[in-house]
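Observations on the model geometry
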Amino acid sequence: MCRNDDPIKSRTILEEGLKAYPDNDILLNNLLYVIDYQNESDEVIKIANKLIDMTTHEDVKYDALRFLA
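Residues numbered from 1 in each chain as written. Predicted model: local features only at pLDDT ≥ 70, side-chain atom pairs only at ≥ 80, totals over all residues. Heavy atoms only, no water.

**Considerations on the nonpolar core**
- Leu28, Leu31, Leu32, Ile35, Ile47, Leu51 and Ala64 are the most contacted members of the largest nonpolar core, which totals 14 residues.
- Counting residues per element, the ones that place at least two in this core are α2 (7–20), α3 (25–34), α4 (41–54) and α5 (58–68).
- If you tally residues by element for this core, the top one is α4, at 5 residues.
- Aside from chain neighbours lying at most four places away, what touches Leu28 is Leu18, Pro22, Asp23, Ile47, Lys50, Leu51 and Met54. (Core = buried A, V, L, I, M, F, W, Y, C linked by side-chain atoms within 4.5 Å. Buried < 20%, exposed > 50% of the residue type's maximum accessible area, 1.4 Å probe, protein only. Helix = DSSP H or I, 4+ residues; strand = E, 2+ residues; numbered from the N terminus. Contact = heavy atoms within 4.5 Å.)

In structure tokens, the structure reads:
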């Protein structure tokens, strides 16, 4: 999986996808996994909160809550 093997490349691909589909909860959820949460905690919090508010997928909401925890 690209997300694990090359998180920088994965982030680039996900961010390109989000330009076309800015509220795609699956893309946003996957972005949480490739962001350096220790150095970009504000970005992680922003994305996770957005997902909690907007997603209809319980598994995506769970992931977002887990990242906030």
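**Structural notes on the confidence of the model for the protein**
- In this model, the protein carries a mean pLDDT of 93, and residues with pLDDT of at least 70 account for 96%.
- Per-element confidence in the protein ranges from a low mean pLDDT of 72 for helix α1 (residues 2–5) to a high of 97 for α4. (pLDDT = per-residue confidence, 0-100.)

**A word on the packing of α2 against α3**
- The interhelical angle for the contact between α2 and α3, taken along N-to-C directions, is 155°, at an axis separation of 9 Å. Comparing the axis directions of α2 and α3 gives the class roughly antiparallel. Along this stretch, α2 crosses α3, giving a crossing that reads as left-handed. Where α2 approaches α3, its residues Pro7, Ser10, Arg11, Leu14, Glu15, Gly17 and Leu18 are matched on the opposing element by Leu27, Leu28, Asn30, Leu31 and Val34.
- Among the residues making up the contact of α2 with α3, the classes are represented as 7 nonpolar, 3 polar and 2 charged. (Axes fitted to C-alpha atoms, helices over the stretch in contact; angles between N-to-C directions. Parallel < 35°, antiparallel > 145°, perpendicular 65-115°, else oblique. Left-handed = near helix turned anticlockwise from the far one by under 90°. Nonpolar A, V, L, I, M, F, W, Y, C, P; charged D, E, K, R; others polar.)

**Things to note about the side chain of Arg11**
- Position of Arg11 relative to the elements: it lies in helix α2.
- A residue is classified by how much of its surface remains accessible, and Arg11, at 19% relative accessible area, is buried.

**Considerations on α2**
- Under the 1.5 Å per step criterion, the end-to-end length of α2 is 20 Å for 14 residues, consistent within 8% with the ideal 20 Å.
- Considered for burial, the residues of α2 that qualify are Ser10, Arg11, Leu14, Gly17 and Leu18. One side of α2 carries all its buried residues, which in axial view fall inside an arc of 130°. Seen from the open side of α2, the exposed residues pointing more than 90 degrees away from its buried face are Ile8, Lys19 and Ala20. (Expected span 1.5 Å × (residues − 1). Arc of directions from axis to C-beta.)

**Observations regarding the environment of Lys61**
- Looking at the secondary structure, you find Lys61 in helix α5.
- A residue is classified by how much of its surface remains accessible, and Lys61, at 24% relative accessible area, is partly exposed.
- As a C-alpha pair, Lys61 and Asn30 span 31 residues in sequence and 12 Å in three-dimensional space.

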